[in-house]
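One letter stands for each residue in the lines below.
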Amino acid sequence: MLLRRSTLCIASLAASIPTSSAFIQTGIKAIHNSSISSTPANISNTHKSLSATSRNKFSVLKMGLFDALLGGGFDPELISPGEALPGRQTKMPNIDGCKHYVLGNDIQEVPEGFEVAVFANGCFWGSEKGIWRLPEGIHSTTVGYCAGFTPNPTYEEACSGRTGHTEGVRVVYDPKKVSFVDIMRWMFEAHDPTSGMGQGNDRGTQYRSGFYYFNDDQKRLIEAAKDFYEGKLGKKITTEVAAASDYEKYGGLWYFAEVYHQQYLSKPGSRPYCSAQPSGIPLDSFEEWCPADLQEKYKPTLPEAFWKKHGPKRGCSVVQEPNEPIAVGDW
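Note that the structure is predicted; figures quoted are calculated from it, not measured.

Peer 1: Looking at this structure, how should I read the overall build of the protein?
Peer 2: Across its full length, the protein carries 9 helices and 8 strands. Counting over 331 residues, the protein shows a buried share of 52%. In the protein, the share of contacts with a sequence separation of at least 24, taken over all contacts with a separation of at least 6, comes to 80%. On the protein, roughly 15,100 Å² of surface is accessible, and the fraction owed to carbon and sulfur atoms is 54%.

Structure representation (structure tokens):
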């Protein structure tokens, strides 16, 4: 009888650890957001977010007993579309007419001849900053919720793990001035793409790595780079690769996040938070991994000297960098 009770207690402890970990991490993120506003409404929303997270489903049975006791070795499970929150038809307030806080352009517009890239690599605050600082060709960057099932989710809903979204970055860029390959290289190098459902201290399906393509060229480039980089890292890359069109049946791939999240790290009073885990290993050797028929069209615009000086460093150093884009030739 004592053995059975001991076994039950250990199993109960193991089952509680993942939920507690997710609960704590969402609490940390909520504290960061409290620097923006601490109104009673926001406090109430934070409480709802934490409560929802505590109900998130985790695959406890997939981890070993000692992993459970040590608080590691688990990964949350992505919910199914049928389990997702219902969402709403109205889009995020105050997005219409919103200007990029650093670059000054309308964050929704896509000028003629410009293209769009959407990716996810952990907490979107630091992910976005690295891209808007590229020397030229970036029209706008925005943060939002992508690759999920709930239409027009809020931050609290996405954090609950019950919408299926991951925190993402949308880039509107001029392909004549910056190559898609440069944006993709920054995305891969700026985090640990082997870390499953989370990044650093942030664990949950809303922090999973992903790259979402809009045409066949993007798909081929992402898959080729992923295969090559996996060999350099020596570990399996867990980055999700999917077509933007796959999410049309759920209302679309992309939903803009709240205005206060947009270019967050550039705003007065922001907390320099980033949990990304760059490896310091470069995704170089373009000619070696890029399909031969795409090499001329997508040749990198940024030289290796740029990457050696300004590329992602271990420790997520981008949060401490100036807000202004890097000057052309400053390498």
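Further notes follow.
Peer 1: What exactly am I supposed to notice about the packing of helix α6 (residues 180–189) against helix α7 (residues 216–233) here?
Peer 2: For any two helices packed against each other, the geometry is given by the interaxial angle and the distance between the axes. The contact between α6 and α7 brings their axes to 11 Å, and the two run at 40 degrees. As summarised for this structure, α6 and α7 are arranged oblique, according to the angle between their axes. Every pair of crossing elements has a handedness; the one defined by α6 and α7 is right-handed. Residues F180, V181, M184, F188 and E189 of α6 pack against Q218, L221, I222, A225, K226 and Y229 of α7. Among the residues making up the contact of α6 with α7, the classes are represented as 8 nonpolar, 1 polar and 2 charged.

Peer 1: Sorry if this is basic, but what is going on with the environment of G104 here?
Peer 2: Relative to the elements of secondary structure, G104 occurs in the loop between α3 (65–70) and β1 (115–120). The class of G104 is partly exposed, set by a relative accessible area of 43%. For the pair G104 and H139, spaced 35 residues apart in the sequence, the C-alpha separation amounts to 8.9 Å.

Peer 1: Looking at this structure, I do not really get the pattern of salt bridges. What am I missing?
Peer 2: Enumeration according to the criterion identifies 9 salt bridges in this entry. For E157, the salt bridge is made with R88, and the minimal N-O distance between the two is 2.8 Å. Of this pair, E157 sits in helix α5 (residues 155–159) while R88 sits in the loop between α3 and β1; the two residues are 69 residues apart in sequence, bridging distant segments of the chain. Using a relative accessible area of 17% as the deciding quantity, one classes E157 as buried.

Peer 1: What exactly am I supposed to notice about unusual backbone geometry here?
Peer 2: Among all residues save glycine, negative phi is the norm, and among peptide bonds the norm is trans. Within the chain, Q263 stands out as a residue other than glycine whose phi angle is a positive 50 degrees. Inspection of the secondary structure assignment puts Q263 in the loop between β8 (254–256) and α8 (286–289). Positive phi outside glycine occurs at S285, with the angle close to 55 degrees. By secondary structure assignment, the location of S285 is in the loop between β8 and α8.

Peer 1: In this structure, what is going on with α7? I would like to understand it.
Peer 2: Each α-helix turn comprises 3.6 residues. Residues three or four places apart therefore point the same way. Given a rise of 1.5 Å per residue, 18 residues ought to cover 26 Å, and the 26 Å separating the end C-alpha atoms of α7 matches this to within 8%. Among all positions of α7, only D217, Q218, L221, I222, A224, A225, K226, F228, Y229 and L233 are buried. Looking at the buried residues of α7, the elements they touch are β1, β3 (166–173), α6, β6 (210–213), β7 (240–243) and α8. A distance of 3.2 Å separates the backbone nitrogen of D217 from a side-chain oxygen at the start of α7, and that oxygen is part of N215. At the exit of α7 stands G234, carrying a positive phi of roughly 75 degrees.

About the cut-offs
Residues numbered from 1 in each chain as written. Predicted model: local features only at pLDDT ≥ 70, side-chain atom pairs only at ≥ 80, totals over all residues. Heavy atoms only, no water. Helix = DSSP H or I, 4+ residues; strand = E, 2+ residues; numbered from the N terminus. Buried < 20%, exposed > 50% of the residue type's maximum accessible area, 1.4 Å probe, protein only. Contact = heavy atoms within 4.5 Å. Areas by Shrake-Rupley, 256 points an atom, 1.4 Å probe, with all protein chains shown as cover. Axes fitted to C-alpha atoms, helices over the stretch in contact; angles between N-to-C directions. Parallel < 35°, antiparallel > 145°, perpendicular 65-115°, else oblique. Left-handed = near helix turned anticlockwise from the far one by under 90°. Nonpolar A, V, L, I, M, F, W, Y, C, P; charged D, E, K, R; others polar. Salt bridge = Lys/Arg side-chain N within 4 Å of Asp/Glu carboxyl O. Expected span 1.5 Å × (residues − 1). Polar contact = N/O pair within 3.5 Å; in protein donor to acceptor, adjacent residues only side chain to side chain.

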